[in-house]
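Listed below, chain by chain, are the residues.
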Amino acid sequence: MTTPPDTDTTADTPRDPSVDLHELRRFNRFWINLICSLDFGRHLHAPFTDTEARVMYELARRQRVDSADLRVTLSLDAGYLSRLLRGFEDRLLITRSRSEEDRRRQRIMLTPLGWEAAGLLEEGSQEAAGTLLTDLSTADRARLLHSMRAIRVLLGEDAEDLADARAPRVTLRTARPGDLGWMVERNAALYADEYGFDLSYEALVARIVAEYAEAFDPQWDRTWIAELDGERVGAVMCVRDGRPGVARLRLLLVEPSARGHGVGRQLVDSCVEFAREAGYGEMVLWTNSILDAARGIYQRAGFELVAESAHHSFGQDLVGQDWRLTL
């Protein structure tokens, strides 16, 4: 019986390089056609080209980045990247400034309008990618993801990248429909379990969320959702305080299962960075003294305690605290 030339029988069996090349190119064509079919009729990246979308994803993922690092990461021609970034700047999607660490380098950051556009791109990408998994069983999904990881490792990822790929990944995104309701539910449940808060706290959170949704202005307001390996594990809001130039940080939440991964720090840092870039001069927040972990995060971010007062709320005797950060 003759063994087909593309069947891997033993490690020592000679392989025909032309057959391997044919299979590689065949897979490449299949994958490109599959990705293109996901975008057919969706205009997934509109009004961005594929390359522009890649740059937007990278800017949103890394918060801030030097143009030189961006060029290397995405393997883009320097002149082409410069023209692309100039276009983003003309569309008010980014700001460019000299790096504080090296004046020869250029730091790029998304504007509030840029964050909004990046959020829409991420939402469309998630929806499109999800269609690949819809009809797969749990076992087939696991096989697919294992094979994808194997491809990445065999074709370039080093051991450090592999270890990082296996570690839980924290990602931040802006809020989507359903996230605000989740915030109300999880705040109420966690504070009841951990601090004994009663239903009046859930009512307070519901009012805060409703006011945010009704008065939302993307230039001044933003909600971030933290995900750990694709599951929602945290949230925070930046809202207008009512006083000119003052932002308020609200409803910081980190699920117990995600604590220790830096979720709270990333959420607060993103909130502060957004407030600074939006043009606020000050950020304030109110919390209670029993929330030790949260207070530690606020202190590390530069907030200062400005006032304390005892109160009875949510069925508990508490000490409220006002914190302030000059931006």
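As the structure is a prediction and not an experimental result, all values here were calculated from the model. (Residues numbered from 1 in each chain as written. Predicted model: local features only at pLDDT ≥ 70, side-chain atom pairs only at ≥ 80, totals over all residues. Heavy atoms only, no water.)

(A) Quick look at the overall build of the protein chain. Broken down by element type, the protein chain carries 11 helices and 10 strands. Across the 327 residues of the protein chain, 36% fall into the buried class. Look at the contacts in the protein chain between residues 6 or more apart in sequence, and 59% of them connect residues 24 or more apart. Accessible surface for the protein chain amounts to roughly 19200 Å². Of this, 52% is attributable to carbon and sulfur atoms. (Helix = DSSP H or I, 4+ residues; strand = E, 2+ residues; numbered from the N terminus. Buried < 20%, exposed > 50% of the residue type's maximum accessible area, 1.4 Å probe, protein only. Contact = heavy atoms within 4.5 Å. Areas by Shrake-Rupley, 256 points an atom, 1.4 Å probe, with all protein chains shown as cover.)

(B) Structural context of the state of the cysteines. Per the counting criterion, the structure on display carries zero disulfides. Free of any disulfide, cysteine 238 has its nearest cysteine sulfur in cysteine 271, 4.4 Å distant. Under the relative-accessibility criterion, cysteine 271 is labelled buried at 0%. (Disulfide = S-S within 2.5 Å.)

(C) Representation of unusual backbone geometry. Unlike most non-glycine residues, leucine 92 shows phi in positive territory, near 65°. Along the chain, the position of leucine 92 falls in the loop between helix 4 (78–90) and strand 2 (94–98). Residue class for leucine 92 comes out exposed when judged on its relative accessible area of 57%. With a phi angle near 55°, leucine 251 is a residue other than glycine that sits in the positive phi range. Examined against the element boundaries, leucine 251 turns out to sit in strand 7 (residues 246–254). Judged by relative accessible area, which is 11%, leucine 251 ranks as buried.

(D) Examining the pairing of strand 7 more closely. A large share of strand 7 lies buried, amounting to eight of its nine residues. Note: strand 6 (residues 231–240) against strand 7, six bridges, orientation antiparallel. Residue alanine 235 lies in a different strand from strand 7, and its bridge partner there is leucine 253. The hairpin turn running from strand 6 into strand 7, its antiparallel successor, is five residues long, and glycine 242 in that turn takes a positive phi close to 105°. Here three bridges tie strand 7 to strand 8 (residues 282–288), and the two strands are oriented parallel to one another. Its bridge partner being in strand 8, arginine 248 is matched across the sheet by valine 284. Note that the unit made of strand 7, helix 10 (residues 263–278) and strand 8 has a crossover that is right-handed. (Pairing = 2+ DSSP bridges. Right-handed = clockwise from strand over helix to strand, strands pointing away.)

(E) Structural view of the confidence of the model for the protein chain. For the protein chain, per-residue confidence averages 83 on the pLDDT scale, and residues scoring 70 or more make up 85% of the total. Here residues 1–12 is a poorly scored stretch, pLDDT under 50, and it has six contacts once near neighbours within four places are set aside; other chains count. (pLDDT = per-residue confidence, 0-100.)

(F) Geometry of the nonpolar core. With 50 residues, the main nonpolar core has Met237, Cys238, Leu249, Met283 and Phe303 as its most contacted residues. When sequence neighbours within four positions are dropped, the list of residues in contact with cysteine 238 reads Tyr212, Trp220, Asp221, Arg222, Trp224, Ala247, Arg248, Cys271, Phe274, Ala275, Tyr280 and Met283. Judged by nonpolar contacts, the second largest core, of 21 residues, contains Ala53, Leu81, Phe88 and Ala118. (Core = buried A, V, L, I, M, F, W, Y, C linked by side-chain atoms within 4.5 Å.)

(G) Highlighting a nonpolar patch on the surface. On the surface, a cluster of nonpolar side chains totalling about 660 Å² of accessible area is made up of Phe27, Phe30, Trp31, Ile151, Leu154 and Leu155. Only helix 1 (17–39) and helix 6 (138–154) provide two or more residues apiece to the nonpolar patch. By residue number, the principal contributor to the nonpolar patch is helix 1, which donates three residues. Mapped onto the elements, tryptophan 31 comes out in helix 1. (Patch = residues over 30% accessible without salt bridge, like charges linked within 9 Å, V, L, I, M, F, W, Y side chains within 5 Å. Salt bridge = Lys/Arg side-chain N within 4 Å of Asp/Glu carboxyl O.)

(H) Structural context of the layout of surface pockets. For the second largest pocket, the calculated volume is near 400 Å³. Along its surface, the second largest pocket is lined by 21 residues, and Val254, Arg259, Ala293, Ala294 and Ile297 are the ones closest to its centre. Sorting the residues of the lining of the second largest pocket by element identifies helix 8 (179–195), strand 7, helix 10 and helix 11 (292–300) as the ones contributing at least two each. Ranked by the residues each element gives to the lining of the second largest pocket, the list is headed by helix 11, at five residues. Taken together, the residues of the lining of the second largest pocket break down into 12 nonpolar, four polar and five charged. (1 Å grid on protein atoms, 1.4 Å probe; cavity = no way out; pocket = protein on both sides within 12 Å on 5 of 7 lines; lining within 4 Å. Points joined across faces, edges and corners; volume = space filled by probe spheres on them. Nonpolar A, V, L, I, M, F, W, Y, C, P; charged D, E, K, R; others polar.)

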